[in-house]
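Chain by chain, the residues run as shown.
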Amino acid sequence: MHTVELLCSPGLEEAVRAAWSRLAAAGLPSLARNAHPTNRPHLTLAAVDAFPPGAEERIADLCAAVLPLPARLDRIEVLDGSAPLAWLVRPGPELAALHAAVWDVLGGPERGSPWHRPGRWVPHLSLALRFRDADRRLARAVAGVDRPRGEFVAARSYDGESRTVRSLSGVPS
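Reading the values: the criteria
- Residues numbered from 1 in each chain as written.
- Predicted model: local features only at pLDDT ≥ 70, side-chain atom pairs only at ≥ 80, totals over all residues.
- Heavy atoms only, no water.
- Core = buried A, V, L, I, M, F, W, Y, C linked by side-chain atoms within 4.5 Å.
- Buried < 20%, exposed > 50% of the residue type's maximum accessible area, 1.4 Å probe, protein only.
- Helix = DSSP H or I, 4+ residues; strand = E, 2+ residues; numbered from the N terminus.
- Contact = heavy atoms within 4.5 Å.
- 1 Å grid on protein atoms, 1.4 Å probe; cavity = no way out; pocket = protein on both sides within 12 Å on 5 of 7 lines; lining within 4 Å.
- Points joined across faces, edges and corners; volume = space filled by probe spheres on them.
- Nonpolar A, V, L, I, M, F, W, Y, C, P; charged D, E, K, R; others polar.
- Axes fitted to C-alpha atoms, helices over the stretch in contact; angles between N-to-C directions.
- Parallel < 35°, antiparallel > 145°, perpendicular 65-115°, else oblique.
- Left-handed = near helix turned anticlockwise from the far one by under 90°.
- Expected span 1.5 Å × (residues − 1).
- Arc of directions from axis to C-beta.

*Asks:* Give a detailed account of the nonpolar core, specifying residues and quantitative values.
*Replies:* Among the nonpolar cores identified, the biggest contains 44 residues, and Leu-6, Leu-127 and Phe-152 are the most heavily contacted of them. No other element matches helix 3 (residues 93–106), which puts six residues into this core.

So this is what it looks like as structure tokens:
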């Protein structure tokens, strides 16, 4: 699987990492426990088995034209009842337009992960994986101290097979 992800500005990344740490300190699942060097807060726009020819360059051009984009975090939710604990992102029109444009480049919504398809996508920054909805209230109290703002400042692609990232915006990922 290959993704298209937006990376957070330093202040926003720090706020998300602090929430990861608070969750871990409370004994809750948290991405703070993922020590892989590619693990960092990000917003996934798309995930597909492979990029069509020329897509990476076209997506890089799209991202270069619009980044940085404002980012405002909203409430904390457990997606699908027993899946990722996520800090929802309030999507502005620029982010929605970038999401749609990326999917057009990738060949439309019939490709790739259904979680990220237009019409189904819930913009979010993950806080924990395999989270129980029963712990949501505690997680909100621990992690969601405020609703940070910042920007999405860079784009990258994650290759799930090789577990590596490539920059899509000229900024190191």
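*Asks:* Please set out the environment of Val-102 residue by residue, giving values where relevant.
*Replies:* Here Val-102 is to be found in helix 3. Along the backbone, Val-102 and Pro-91 are 11 residues apart, and their C-alpha atoms lie at a distance of 15 Å. Setting aside chain neighbours within four positions, we find Val-102 in contact with Val-4, Leu-45, Ala-46, Ile-59 and Leu-62.

*Asks:* Go over the layout of surface pockets, please, and point to the residues and values.
*Replies:* Put simply, the largest pocket is a space of about 690 Å³. Lining the largest pocket we find 30 residues, and of these Glu-5, His-42, Thr-44, Ser-126 and Leu-129 sit closest to its centre. When contributions to the lining of the largest pocket are tallied by element, the ones reaching two or more residues are strand 1 (2–8), strand 2 (42–48), strand 5 (124–128) and strand 6 (149–159). Considering each element in turn, the lining of the largest pocket owes the most residues, three residues, to strand 2. Partitioning the lining of the largest pocket into residue classes produces 13 nonpolar, 12 polar and five charged.

*Asks:* Can you lay out the packing of helix 2 (residues 55–66) against helix 3 for me, pointing to particular residues and giving the numbers?
*Replies:* Where helix 2 meets helix 3, the closest approach of the two axes is 9 Å, and the angle between their N-to-C directions is 165°. Here helix 3 runs roughly antiparallel to helix 2, going by the angle between their axes. Between helix 2 and helix 3 the crossing geometry is right-handed. Only Leu-98, Ala-101, Val-102, Val-105 and Leu-106 of helix 3 make contact with helix 2, whose side of the interface consists of Ala-55, Arg-58, Ile-59, Leu-62, Cys-63 and Val-66.

*Asks:* Talk me through unusual backbone geometry; I want residue IDs and the actual numbers.
*Replies:* Going from Leu-67 to Pro-68, the amide bond is cis rather than trans, its omega being 5°. Inspection of the secondary structure puts Pro-68 in the loop between helix 2 and strand 3 (69–78). The backbone of Arg-163 sits at a positive phi, close to 55°, despite the residue not being glycine. In this fold, Arg-163 is placed in the loop between strand 6 and strand 7 (164–167). Of the residues examined, Arg-163 reaches a relative accessible area of 43% and is grouped as partly exposed.

*Asks:* Lay out helix 1 (residues 10–25) in plain terms, naming residues and giving numbers.
*Replies:* Each α-helix winds once per 3.6 residues, and so residues spaced three or four apart point in a common direction. The end-to-end C-alpha separation of helix 1 is 22 Å, in line with the 22 Å expected for 16 residues at 1.5 Å each. Listed as buried for helix 1 are Leu-12, Glu-13, Ala-15, Val-16, Ala-19, Trp-20 and Leu-23. Burial along helix 1 is one-sided: seen end-on, the buried residues are contained in an arc of 160°. Exposed and facing more than 90 degrees away from the buried side of helix 1 are Pro-10, Gly-11, Glu-14 and Ala-25. Where helix 1 is buried, its residues touch strand 1, strand 3, strand 4 (85–89), strand 5, helix 4 (136–143) and strand 6. Looking one or two residues beyond helix 1, the residue adopting positive phi is Gly-27, at roughly 80°.

*Asks:* Go over the environment of Arg-17, please, and point to the residues and values.
*Replies:* Assignment of secondary structure puts Arg-17 in helix 1. When the C-alpha atoms of Arg-17 and Glu-94 are compared, they prove to be 25 Å apart, with 77 residues separating the residues in sequence. Excluding its chain neighbours within four sequence positions, the residues that come into contact with Arg-17 are Asn-39, Arg-40 and Pro-41.

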